[in-house]
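Remarks on the overall topology
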Amino acid sequence: MEEDQQNQNKNEKPRYYATDFNEIKENLSDKEKLLFERYKEMLSGIIPADDAPSLKTLLNHLKNISQKTMKLMAGGKLDIQVTCPKCGKRHCFIKVDNGLTHCWSCNWSGYLEEMKSLLGKGSGKVNGNYYANAQKKQQDEHKAKDYVPMLPDDFREIDAETRSWLYPIYPFKTQEEQQQFIDHFHPANLLSRHPKSRPLITASELASLQSMVQRYIQAMKLSPDIIVQEGVMCAWMKQNADDTKSEDPKGVEMVPAIAYCNYLDGKIINVKFRSVQQHPITGEWSKLFCQVSPTKPCAPYGIDSINLLRPDAQPIRQLIITEGEKDRLTLMTCGFPYVLSIANGASTNIEESHEAFDEWIQQAGEIIICGDTDRPGRRLVKLLIEQYQTRAKVTTLPQGKKDISEVYDAFGSREVQRIIAEAQGISDADIYDLSEHKEDILDIMMGNYDRGYEVGMGGLTDGIFHPTSEGGLIILTGRPNSGKTDFLNCLMAHLMYHNQKRVAFFSFEKPIKAST
């Protein structure tokens, strides 16, 4: 009998309470800690349940204590970061509203025992497998059995040929700085060792290139200090020439470009070149670009800014993920130090691109997704939400603005800061403020709206179906032989006779009359 009891205890899953996590326990009063200990003793039979309030009543009290404490710790966020009781690493997160837990280091998932009754009632209305499902991408069953995850050390530096294209955007401050640049980007034996490299351009050519790229930076209202800090450079990039007057109409020409260099451990691991030519009539900037990356997939742009080994590393309270390199620099210009840009824009495979840096990204307290409003941008936002659902908040841009750079250009840095500050958690994404629809509500209250066409069966039926000239989809369903077809025939006849509307009828069941 005793042996059976021991086997049963071995097979029983461990129970975790708020006091099993030091970060929460430190925020509890001594009296609250004693209540948790009393409950455990009552549950194990050390203290008879008759000597204290019932287990159920006490458990409910502990639930309220845990939720109140975690809400204070979260400060408005969806979850709190704690030390995992399994592996001892501080990569474990607990959802405030229902106590679900997940560790991103050892992949352990569970819940707080006292909050078990809230499972399925929290934001997202999830069950106990919620966090385990969040790891689905990293455990993709379609990957090869011999697949080995990417690590930061797998990313290689760009080759000497690509480095020979690059130049600083602003003049060198000292001779020593200039010499260091030449030694690394244009060493004396460069052309002999790498014949495809480009020779060092003249001082006048460099000044001309710098001037054109500086004009672009000024037009984009980007901070020169941020440009220098982030190692953004300039280059001459090739562009297909399509000039019928040229002797070589299908050849190439060199155009000025800004070079967004992505660094890892201080080395450039990929570069995106974007032309800075401006159309003389429309004033639009060229969208021509090319990217060089010796490692696939490309790492997120700006990844070195959250490197775990960066000097003077501080806790990252907030990490912003955006779509474009310029958007990243815009956000940094507006005062946000930790920003990543998606490597290949909306077409990026988020899981593969971020895989090597998952631990780096997980150190952030919250993740703000600041995507574009066009269709590819919205798709990217959706993918990022799926990847970082537990901590993500999403920005809302003003109507008519495609990205955060357009917002900055039109309204300035304060509006950008407001948008980031008011980013909504995923659970709040479907909550609308009535003030956002004030005009529409007033129109409906005053009767100024499209009432649609009468369907001939009274005001109630008209209000339910509400067919209008704007189109839409109305689905009518019911049990067999309940009169669906007769009802629709009557409705269509009324629309044709009283409203002069044409109706096309398509059915898989109604027999086709034989032609006479």
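Residues numbered from 1 in each chain as written. Predicted model: local features only at pLDDT ≥ 70, side-chain atom pairs only at ≥ 80, totals over all residues. Heavy atoms only, no water.

A word on the pairing of strand E6 (residues 233–240). Pairing analysis gives 2 bridges linking strand E5 (residues 167–168) to E6, with the strands arranged antiparallel. Looking at E6, one finds that proline 168 is bridged to methionine 233. Pairing geometry for E6 and strand E7 (residues 252–264), over 8 bridges, is antiparallel. Looking at E7, one finds that lysine 238 is bridged to methionine 254. (Pairing = 2+ DSSP bridges. Helix = DSSP H or I, 4+ residues; strand = E, 2+ residues; numbered from the N terminus.)

A few words now on unusual backbone geometry. With the exception of glycine, the majority of residues adopt a negative phi angle, and the majority of peptide bonds are in the trans configuration. The step from lysine 296 to proline 297 runs through a cis peptide bond, and the omega angle for that step is 0 degrees. Position of proline 297 relative to the elements: it lies in the loop between strand E9 (289–292) and strand E10 (318–322). With phi around 60 degrees, lysine 221 is a residue other than glycine that occupies positive phi space. Within the fold, lysine 221 resides in the loop between helix H9 (203–219) and helix H10 (224–229). Even without glycine at this site, asparagine 481 takes up a positive phi of about 60 degrees. Tracing the backbone shows asparagine 481 in the loop between helix H18 (459–465) and helix H19 (484–499).

We now examine the sheet that holds strand E13 (residues 392–394). Reading across from one edge, E11-E10-E12-E13-E14 is the order of the 5 strands in this open sheet, with mixed pairing throughout. Looking along the sheet, the strands with just one partner apiece sit at the ends: strand E11 (339–341) and strand E14 (424–425). Packing against the sheet, helix H11 (residues 325–333) makes contact with E10 and E11, and its axis sits at approximately 170 degrees to E11. (Contact = heavy atoms within 4.5 Å. Axes fitted to C-alpha atoms, helices over the stretch in contact; angles between N-to-C directions.)

Before going further, it helps to examine the sheet that holds E5. The strand order across the open sheet formed by 5 strands is E5-E6-E7-E8-E9, and the pairing between neighbours is antiparallel. At either margin of the open sheet sits one strand with a lone partner, and together these are E5 and E9. Together, E5, E6 and E7 form the strand contacts of H9, whose direction differs from that of E7 by roughly 70 degrees.

Ranked by internal contacts, the top residues of the largest apolar core, which has 51 residues, are Leu166, Ile258 and Phe273. Ranked by residues supplied to this core, first place goes to E7 with 7 residues. With 27 residues, the next largest nonpolar core counts Leu264, Ile306, Ile361 and Leu380 among its residues. (Core = buried A, V, L, I, M, F, W, Y, C linked by side-chain atoms within 4.5 Å. Buried < 20%, exposed > 50% of the residue type's maximum accessible area, 1.4 Å probe, protein only.)

In this section: the side chain of asparagine 98. Within the secondary structure, asparagine 98 is located in the loop between strand E2 (92–95) and strand E3 (100–103). Among the residues examined, asparagine 98 registers a relative accessible area of 0% and is labelled buried. Of the polar contacts made by the side chain of asparagine 98, one reaches the backbone nitrogen of leucine 100; its length is 3.3 Å. (Polar contact = N/O pair within 3.5 Å; in protein donor to acceptor, adjacent residues only side chain to side chain.)

Its location among the elements puts lysine 86 in the loop between strand E1 (79–82) and E2. Lysine 86 sits 22 residues away from tryptophan 108 along the chain, and the two C-alpha atoms are 7.4 Å apart. What lysine 86 contacts, discounting residues up to four positions off in sequence, is Pro14, Tyr16, Cys106 and Trp108.

Enumeration according to the criterion identifies 10 aromatic pairs in this entry. Counting every residue linked through ring pairs, the aromatic cluster contains Tyr167, Phe172, Phe181 and Phe185. For lysine 272, the ring lying beneath its charged end belongs to phenylalanine 289, and the centroid distance is 5.1 Å. It is arginine 328 that lies over the ring of tyrosine 301; its NZ or CZ is 5.0 Å from the centre. (Phe/Tyr/Trp six-rings, centres within 6.5 Å; stacked < 30°, edge-to-face > 60°. Lys NZ or Arg CZ within 6 Å of the ring centre and 35° of its normal.)

By the secondary structure assignment, isoleucine 226 is in helix H10. What makes isoleucine 226 buried here is its relative accessible area of 12%. Once the C-alpha coordinates of isoleucine 226 and proline 337 are considered, the two residues, 111 residues apart in sequence, prove to be 9.8 Å apart. If near-sequence neighbours (up to four positions away) are discounted, isoleucine 226 is found in contact with Leu329, Met332 and Thr333.

Right, let's talk about helix H3 (residues 30–44) for a bit. Over its 15 residues, H3 runs 21 Å from end to end, which matches the ideal 21 Å to within 8%, given 1.5 Å per residue. Glu32, Leu35, Phe36, Tyr39 and Met42 are the residues of H3 that are buried. Around the axis of H3, the buried residues are gathered within 130 degrees of arc, so they sit on the same side. For H3, exposure combined with an orientation more than 90 degrees from the buried face picks out Asp30, Leu34 and Ser44. Turning to H3, the residues buried within the fold contact helix H4 (55–74). (Expected span 1.5 Å × (residues − 1). Arc of directions from axis to C-beta.)

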